[in-house]
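Each chain is listed here by its residues.
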Amino acid sequence: MSAETIQTRREWLLSERPASRVQARLGRAYVAWRRFSANRLALVGLLIILALVAVAAFADVLAPYSPTVGDLKNARLLPPGAAHWFGTDDLGRDIYSRIVYGSRWTLYVVILVAVIAAPIGLLVGTVAGYAGGWTDTILMRITDIFLAFPKLVLALAFVAALGPGIENAVLAIAITSWPPYARIARAETLTVRNSDFIKAVQLMGASPFRIVLRHIMPLCISSLIIRVTLDMAGIILTAAGLGFLGLGAQPPLPEWGAMIASGRRFILDQWWVAAAPGAAILIVSLGFNLLGDGLRDALDPRSGDQ
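The sections below set out a description of the structure shown in this document.

Cut-offs used in this document
- Residues numbered from 1 in each chain as written.
- Predicted model: local features only at pLDDT ≥ 70, side-chain atom pairs only at ≥ 80, totals over all residues.
- Heavy atoms only, no water.
- Helix = DSSP H or I, 4+ residues; strand = E, 2+ residues; numbered from the N terminus.
- Axes fitted to C-alpha atoms, helices over the stretch in contact; angles between N-to-C directions.
- Parallel < 35°, antiparallel > 145°, perpendicular 65-115°, else oblique.
- Left-handed = near helix turned anticlockwise from the far one by under 90°.
- Contact = heavy atoms within 4.5 Å.
- Nonpolar A, V, L, I, M, F, W, Y, C, P; charged D, E, K, R; others polar.
- Expected span 1.5 Å × (residues − 1).
- 1 Å grid on protein atoms, 1.4 Å probe; cavity = no way out; pocket = protein on both sides within 12 Å on 5 of 7 lines; lining within 4 Å.
- Points joined across faces, edges and corners; volume = space filled by probe spheres on them.
- Patch = residues over 30% accessible without salt bridge, like charges linked within 9 Å, V, L, I, M, F, W, Y side chains within 5 Å.
- Areas by Shrake-Rupley, 256 points an atom, 1.4 Å probe, with all protein chains shown as cover.
- Salt bridge = Lys/Arg side-chain N within 4 Å of Asp/Glu carboxyl O.
- Buried < 20%, exposed > 50% of the residue type's maximum accessible area, 1.4 Å probe, protein only.

1. Looking at unusual backbone geometry
Note: most peptide bonds trans; most residues except glycine with negative phi. Here the bond from P251 into P252 is cis, since omega is 5 degrees, no more than 30 degrees from zero. Residue placement: P252 occurs in the loop between α10 (208-244) and α11 (256-263).

2. Here we look at the packing of helix α9 (residues 196-203) against α10
Between α9 and α10, whose axes approach to 11 Å, the crossing angle comes to 170 degrees. Judged by the angle between their axes, α9 and α10 are roughly antiparallel. Read as a crossing pair, α9 and α10 show a hand that is right-handed. Every residue of α10 that contacts α9 at F197, I198, V201 and Q202 is listed here: I211, H215, I216 and L219. Taken together, the residues of the contact of α9 with α10 sort by class into six nonpolar, two polar and no charged.

3. What about helix α7 (residues 151-162)?
Counted at 1.5 Å a residue, the expected span for α7 with its twelve residues is 16 Å, and the 16 Å between its end C-alpha atoms agrees. Contacts from the buried residues of α7 go to α6 (133-147), α8 (166-192) and α10. One or two steps after α7, the chain reaches G163, where phi turns positive at roughly 105 degrees.

4. Comments concerning the layout of surface pockets
Approximately 280 Å³ is the volume found for the second largest pocket. Forming the boundary of the second largest pocket are 15 residues, of which V55, I99, W256, A280 and V284 lie nearest the centre. Only α3 (40-57), α5 (95-131) and α12 (272-299) provide two or more residues apiece to the lining of the second largest pocket. Per-element tally for the lining of the second largest pocket: the top contributor is α12, with five residues. Residues of the lining of the second largest pocket, tallied by class, amount to 14 nonpolar, one polar and no charged.

5. Concerning a nonpolar patch on the surface
A cluster of nonpolar residues, I111, V115, I116 and I120, forms a patch on the protein surface that exposes about 320 Å² of accessible area. Exposure remark for I120: the relative accessible area of 36% places this residue in the partly exposed category.

6. Focus: α6
Between its first and last C-alpha, α6 extends 21 Å over 15 residues, near the 21 Å set by a 1.5 Å rise per residue. Close packing links the buried residues of α6 with α5 and α8.

Written as structure tokens, this is what we have:
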């Protein structure tokens, strides 16, 4: 592709008078990508998350051993080496293979929590912000009740009531994660509900449901995406905390928090048993934080083009 062609396409994307909605959307996406790619740390975060997805997708190929079956007689608590890159645990299982398969459970928790919590928070926040009055008061006081408790403590209470297990842990984390999203959606709604284009839609006879769904919610999505991405690290840590306490994923599932819990007994002599899954949690959490910072710079409408 010649330099002239690239320049022509760039001018087409950056046109101040787009000829179609497709051109306008592509132009906004291009500007957002320029802002995002200008942040080198954000690109590092993106690469970490893409690597996590690739490892989870190809775990069967990347893992040389079974994540649940070990050699208790010949491979118990072996240090890192050529045969076992990250060593083995107290049951003779390869820690590297368990971390590789554990990436699937990490993505499982993160995706399900985001899918459950973000829409709930978006719905509650936009309805409260647009309706106002008693509806706003009741919904926001419920939100305040959830925000009054530390997330991990509240998740522990829900898991204790529901019973241990990865599914119940996901549900408990999702129940405790939606209030900040509701707050953000309400704040965004309050800034636009009295704007001219909303009044124009009202004059055209649109119902409140249609206004909230078609015109207000899309304006809140960018802020919500940023907050959800930044919260991914906290979600991972909460899931790991539940697993560490025995209330999350149950043995023999290779969940990183449960792996740390099983390795804490050997932390002084066989440090690799707990250090390897701890490092995995650290790297993935850092990746989500860096990605969230980059998305905030790219999607914030108040930030200028870089």
